[in-house]
Amino acid sequence: EAGSRGWESLPNANAAPRPRSLGPRLPARLPASTLQPPVAMAPKSEDAGTAAKRARRSAVDLQAQTDDTRVRAIVPMVPPAILMEDLPSSPELQQCVAESRAAIKAILSGEDDRVLIVAGPCTVHDPAATLDYAAKLAKLAQRHSRDVLVVMRLNFRKPSRTSDCWQGFLHDPHHDGSYAINHGLSVARSLMLRVVSLGLAVGTTFHDTLQPQFFADLVAWLWVAPHATASHVHHELSSGLSMPVAFCDRGGGGADFDSADAEWRSVLHALRTSRMPHAFLSVSKQGVAGIVHTNGNSDVHAVVGGTGVLERARAASKELASINLSQRVLIDCCDAGGVGASDAQTRKQVETCTQVAAAIGEGEEALCGVLLKSFLLSGKQSLPLGKPSAGVAAGYGSGYHGGGGQSEGDAPPPAVYGLSVTGACIDWSRTADLVQRLADAVRHRRSNLRSAGRGTGGVARMASAQANGACYTESNSATDNLRVKAIQPLLPPACLVGELPCPAATADAIAAVRTEIGSLLTNARKGKVGGRLLVVVGPPVVHDAQAALEFAGRLRTAAKRHEKELLLVMCASFERPRAGAGWKGLVNDPGLDGSLRINHGLRVARSLLLSLANLGLPTATEFVDTIMPQYLADLTSYSAYSQATASPYLMTELASGLSMPVGVRVATELPEKADAAATAAAAERTAERLMVALRSAREPHVFLSVSKENLAGIVHTDGNETVHAVLVGDIAHNATAAKLAEAGLPAAPIVDCALEPSGDTDGSTLAAQRELVARVVGGIQMGSPIAGVFLPAFLLEGGQQLVPGRKLQYGISVGGECFGWAETAAILESLAAAVRARK
């Protein structure tokens, strides 16, 4: 009955006060009673023990209605400490890794005049062939050690936007979709140990915040893939990694950025942000979820790829020097040629590396290294994928040492030995030739600098760099968690959910709103927009729970007034992906003072969501990592994420398992005074990015996260059919919608009217948002296929900065420019009238 009545009639007459010991520590001016969720009283005939058991059973049953509804299973994952005990490093290997890191750091700073060469297969698929290659590379590295430092590329993860592609050796070591991740972790660490024992430094990339706990002690250098350059999660992760970290710029050559300038600005932001301390959620070596506090990473640097790479690298070096960042850059020869046939890619790789060697030989000091995709044979092949055996399919590939996967009789045809299965690679002979050329170029540059009275020679500098390796002594391991101050215990999700449970009426109402939003989006996919308009309204990020509740009270009244035309959802997000060194959000820093009391922040956030539900308002929350949903997702009716601030692979995997509708937010960028052709091209790029993300999130995925009990786990999802497009602004809106319709995807996107701050204090951002809202209202009146609107709004107009020592003004947003309540109410009236006109 409560579910049929809707959100406006959630019962709270029988609410009982919670014990003080269980209640959250709330802001001083916020009465605890305002955030207490309704708790049903037990019948008087029950004793305390029976009532407690009934309450626990009820909480579990209710949670199943709204939480993890698209998650098939979370299977156990081997704790990092156990894997490291089974496959331990040694003092000798740790010393080797530490010296490699120190040498790389010296090359980046110019203290060592050698060139860094990162070479290896695009993605590891065959450990035996990889070891054969490593043995050859180790001999080559030793031969030229006075002039170059060779790092072997060992990438075990191949993020894919579709579930029918191989996800990499770590996720699918048997190449059959069995996802025997525990086995993949074991083989990957074993392979790293053997490569390091050959005397080679290891370079890799981490897809999430959990992988480093299994491998970081063996890694000398790490790169963040271009698709994750703008990812807030990867900036935080990099700030705590013990090795030098590179952020890659392809010059706008990929599908993740609208322009080369946008990609380069993301790299600059990443370099600045990663040098700062952060706090984020991950797991400890024991596999238990925790809060990681980092010191910041001063060894972050840039890698430049794409077309015109030498000119762009020189320009990048000058700009980096002007802002006091590491000005020496690496060249990604693998991305210098863009996409194309396999032989064309390998040929372009050789040409680019040859040009780099020539520039170094002529005395170019801004270039300090190259990245090469290299293997035993030239080119690439398609990987023959098999099917998992019945036992593995049922068990989700949970085997550890060798468990899971196919039997030999079921195996697919073997791949060609020594030939890459992902990106095209150059063969061994070309690799050896390029290393020789680079070594010759370094000697030539060194000789010229000596003649000019500059430089001391590579050997002396290398000795100095190795001596500096003694600085890596911050933990019990000489190579692991060196920039991590502490991993603080994290409140398990199950404990917080039990402490602040979701009442029955709330669970029913959340499920009903999710269903209605899903119906709106389904109708939009069919071109039908005659129903209610979804309006997500509120501040971009909550910083004051009391003010948020006051705003919610007013919004609830408006929701009743316009319930026939508008489905109002309050924006209640608690994290700021673009915060950099500033305030990270209410969960990370509930005191707004840098104290980072995350456990308290989780309590405040969940309490606020329950209180908003008690007022009768559904909520929208943005998640920026794979752990936070375990605390808040059961109370959330809607979610959205921005491709400008997150790794698209990581977020589409997460979206595929979230229980609510999820929006993918993309901004269309246009140059000033763009003509029709430029506008059409921009719409094409936006539509392509959206189509890839929407299709991917609709498919099943597997990723690493934690369970409700706070244990590291492997999440298997079903896919989310309610993902949809959110367009920032209305540039090329109709053209983008048409492209989505042609692809069979929701053709009526949601328009986000919250624009990026201009940086000025003249109100120009707010004025631009007003103009945008006016155009959206006019478009809806004329029948434009718009399914919903994001409306930045709070109690008072404008925005303010959080400055230490300065008191914040009550009711003004700290996350962006917002409309005040009076203007918000008028906009809602206009939107309701526009919906009536469209009907």
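Let me sum up the structure you'll find in this document. Owing to the predicted nature of the structure, the values given are computational and were not obtained by experimental measurement.

## A closer look at helix H11 (residues 342-361)
Okay, so step 1: Relative to the 28 Å expected for 20 residues at 1.5 Å per residue, H11 spans 29 Å between its end C-alpha atoms, a close match to the ideal helical length.
Okay, so step 2: Contacts made by the buried residues of H11 are with strand E2 (115-120), helix H10 (309-322), strand E10 (329-332), strand E11 (367-373) and helix H13 (428-451).

## A closer look at the sheet that holds strand E7 (residues 279-283)
Okay, so step 1: Taking strand neighbours across the sheet as the criterion, the three strands line up as E7-E8-E12 in an open arrangement whose pairing is antiparallel. A strand with exactly one partner marks an edge of an open sheet, and here the two such strands are E7 and strand E12 (484-489). Taking each pair of neighbouring strands and ignoring which way they run, the sheet shows an average axis angle of 35°.

## Considerations on the packing of helix H4 (residues 91-109) against helix H6 (residues 181-197)
Okay, so step 1: Two numbers describe how H4 lies on H6: the axes approach to 10 Å, and their chain directions differ by 75°. By the angle between their directions, the pair H4 and H6 is classed as roughly perpendicular. Packed against H4, whose contacting residues are Leu 93, Cys 96 and Val 97, the element H6 presents Leu 193, Val 196 and Ser 197 at the interface.
Okay, so step 2: Split into classes, the residues belonging to the contact of H4 with H6 amount to five nonpolar, one polar and no charged.

## Examining the packing of aromatic side chains
The geometry of two aromatic rings is summed up by the distance between their centres and the angle between their planes.
Okay, so step 1: Enumeration according to the criterion identifies eight aromatic pairs in this entry.
Okay, so step 2: On the numbers, 5.6 Å between centres and 90° between planes, the contact of Tyr 133 with Trp 428 is edge-to-face. Here Tyr 133, found in helix H5 (residues 127-143), pairs with Trp 428, found in helix H13; they are 295 residues apart in sequence, far enough to count as distant. In this pair, the class of Tyr 133 matches that of Trp 428, namely buried.
Okay, so step 3: Between the aromatic rings of Phe 551 and Trp 821, the centroid separation amounts to 5.5 Å while the plane-to-plane angle is 90°, which identifies the pairing as edge-to-face. Of the two residues, Phe 551 is situated in helix H17 (residues 545-561) and Trp 821 in helix H24 (residues 821-838); the sequence distance between them amounts to 270 residues. Trp 821 carries the same exposure label as Phe 551, and that label is buried.

## Quick word on the sheet that holds strand E19 (residues 712-717)
Okay, so step 1: Here three strands make up an open sheet; going across it, the order is E1-E19-E18 and the pairing antiparallel. Each edge of the open sheet is held by one strand with a lone partner, namely strand E1 (71-76) and strand E18 (702-706). This sheet shows a mean twist of 35° between the axes of neighbouring strands, independent of strand direction.
Okay, so step 2: Relative to E19, E1 runs antiparallel, the two sharing five bridges. Counterpart to Val 71 in the pairing with E19 is Thr 717.

## Notes on unusual backbone geometry
Most peptide bonds are trans, and most residues other than glycine sit at a negative phi.
Okay, so step 1: With a phi close to 50°, Tyr 179 is a non-glycine residue in the positive phi region.
Okay, so step 2: Mapping Tyr 179 onto the fold places it in the loop between strand E3 (148-153) and H6.
Okay, so step 3: A positive phi angle, near 60°, is found at Asn 324, a position not held by glycine.
Okay, so step 4: Topologically, Asn 324 is positioned in the loop between H10 and E10.
Okay, so step 5: Classification of Asn 324 as exposed rests on a relative accessible area of 68%.

## Quick notes on H4
Okay, so step 1: Counted at 1.5 Å a residue, the expected span for H4 with its 19 residues is 27 Å, and the 27 Å between its end C-alpha atoms agrees.
Okay, so step 2: Positioned one or two residues after H4, Gly 110 has a phi angle of 90°, which is positive.

## Points about the environment of Val 329
Okay, so step 1: When you line up the elements, Val 329 lands in strand E10.
Okay, so step 2: When the C-alpha atoms of Val 329 and Val 304 are compared, they prove to be 7.0 Å apart, with 25 residues separating the residues in sequence.
Okay, so step 3: Apart from residues lying up to four places away in sequence, Val 329 is in contact with Ala 302, Ala 313, Leu 320, Ala 366, Leu 367, Cys 368 and Gly 369.

## Some details on the side chain of Asp 176
Okay, so step 1: Mapped onto the elements of the fold, Asp 176 is located in the loop between E3 and H6.
Okay, so step 2: Under the relative-accessibility criterion, Asp 176 is labelled buried at 3%.
Okay, so step 3: A polar contact of 2.6 Å, which involves the side chain of Asp 176, links it to the side chain of Ser 178.

## Observations concerning the side chain of His 543
Okay, so step 1: As for its placement among the helices and strands, His 543 is situated in the loop between strand E13 (533-538) and H17.
Okay, so step 2: Since its relative accessible area comes to 8%, His 543 is described here as buried.
Okay, so step 3: Beyond its immediate sequence surroundings of up to four residues, His 543 is in contact with Trp 583, Leu 586, Leu 592, Phe 794, Gln 800, Leu 808, Ile 812, Ser 813 and Val 814.

## Some points on the pattern of salt bridges
Side chains that differ in charge, positive against negative, can pair when their charged atoms come close.
Okay, so step 1: Counted by the stated rule, this structure contains 33 salt bridges.
Okay, so step 2: Residue Arg 114 is joined to Asp 112 by a salt bridge in which the shortest nitrogen-to-oxygen separation is 3.0 Å. Each member of the pair Arg 114 and Asp 112 is classed as buried.
Okay, so step 3: Arg 665 is paired through a salt bridge with Asp 752; the nearest N and O atoms lie 2.8 Å apart. With Arg 665 in strand E17 (residues 662-667) and Asp 752 in strand E21 (residues 750-752), this residue pair connects regions lying 87 residues apart in the sequence.

What counts and what doesn't
Residues numbered from 1 in each chain as written. Predicted model: local features only at pLDDT ≥ 70, side-chain atom pairs only at ≥ 80, totals over all residues. Heavy atoms only, no water. Helix = DSSP H or I, 4+ residues; strand = E, 2+ residues; numbered from the N terminus. Expected span 1.5 Å × (residues − 1). Contact = heavy atoms within 4.5 Å. Pairing = 2+ DSSP bridges. Axes fitted to C-alpha atoms, helices over the stretch in contact; angles between N-to-C directions. Parallel < 35°, antiparallel > 145°, perpendicular 65-115°, else oblique. Nonpolar A, V, L, I, M, F, W, Y, C, P; charged D, E, K, R; others polar. Phe/Tyr/Trp six-rings, centres within 6.5 Å; stacked < 30°, edge-to-face > 60°. Buried < 20%, exposed > 50% of the residue type's maximum accessible area, 1.4 Å probe, protein only. Polar contact = N/O pair within 3.5 Å; in protein donor to acceptor, adjacent residues only side chain to side chain. Salt bridge = Lys/Arg side-chain N within 4 Å of Asp/Glu carboxyl O.

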